[in-house]
Amino acid sequence: MQVKIEPSWKKVLSREFDKVYFVKLTEFVRSQYQKSTVYPPPKFIFRAFDLTPFEAVKVIVLGQDPYHGEGQANGLAFAVEPGTRLPPSLQNIYKELKSDLGVGGDINNWAGQGVLLLNATLTVQANSPASHQNMGWEQFTDAVIRTLSDQKDHLVFILWGAYAQKKGLVIDTTKHLVIKSPHPSPFSAYSGFFGSRPFSQCNNYLSLSGEDPITW
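Treat the numbers as computed from the prediction; the structure is a model and nothing was measured. (Residues numbered from 1 in each chain as written. Predicted model: local features only at pLDDT ≥ 70, side-chain atom pairs only at ≥ 80, totals over all residues. Heavy atoms only, no water.)

With that out of the way, let us pick up the side chain of N203. Considering the arrangement of structural elements, one finds N203 in helix 8 (residues 198–208). Of note is the side chain of N203, whose polar atom sits 3.3 Å from the side chain of W216. (Helix = DSSP H or I, 4+ residues; strand = E, 2+ residues; numbered from the N terminus. Polar contact = N/O pair within 3.5 Å; in protein donor to acceptor, adjacent residues only side chain to side chain.)

In structure tokens, the structure reads:
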């Protein structure tokens, strides 16, 4: 089936789009947008892929669901548009960034540097977290992670929280760096997220691999 996604991703994921689960997923998502409020806006569903083509990917930050509040989800895991009130997890990400590297940045700028900000589930019903889980998105994003792991070398996977770490079990750790810590949510950030220094770890690995570091 025809899917509007960045061409390099369309090429490497082409087999997924004709599978039964993805056809059913497409039908489900289309019906949900027609009958209720769903985030992010339809044009942003595959935004992470559009902003970070397959050949450009150096780092993967794995999230779970899009934000389910009005005006928050923009198609990039953990991100909101500039000027939007920062959700607590993003506030904590910025706190750790400041502590780790002494800088402040905008998460939206990471995508253009090869950081794929990927949610496991790419859509969600308004004010209903996890409402689009177990509908096929997880199978699709598992294929994304597996394809990256198999076809590329020296990537950095940043897995915050148990959910992301379980999803990352398909990663080949013999040729990629996997950085794990608790989730940046206020419920777990003080259990090991703060002080984990994922940003400096990532940049050190990229530099040793001959890649330009990320300007976080």
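With that settled, the discussion passes to the UniProt feature "domain: Uracil-DNA glycosylase-like" (unreviewed entry) in the chain. Per the UniProt annotation, the sites labelled "domain: Uracil-DNA glycosylase-like" (unreviewed entry) are residues 50–206. Measuring from the first to the last C-alpha atom of residues 50–206 gives 23 Å, for a span that is 29% helix and 14% strand. (UniProt positions renumbered as here; feature names shortened; annotations may be inferred.)

Here, the residues flagged by UniProt with the feature "active site" (unreviewed entry) are D65. The topology assignment puts D65 in the loop between strand 2 (59–63) and helix 5 (88–101). Given a relative accessible area of 18%, D65 falls into the buried group. Once you skip the residues sitting within four places of it in the chain, D65 turns out to touch N119, T121, V124, P129, A130, S131 and Q133. For D65, the side chain forms a polar contact with the main-chain nitrogen of A130, separated by 2.6 Å. (Buried < 20%, exposed > 50% of the residue type's maximum accessible area, 1.4 Å probe, protein only. Contact = heavy atoms within 4.5 Å.)

On to the pattern of salt bridges. For the structure on display, the rule yields 5 salt bridges. For R197, the salt bridge goes to D100, with nearest N and O atoms at 2.9 Å. Separated by 97 residues along the polypeptide, R197 in the loop between strand 6 (177–181) and helix 8 and D100 in helix 5 bring together distant segments of the chain. Since its relative accessible area comes to 43%, R197 is described here as partly exposed. Residue classification places D100 among the buried residues on the basis of a relative accessible area of 6%. (Salt bridge = Lys/Arg side-chain N within 4 Å of Asp/Glu carboxyl O.)

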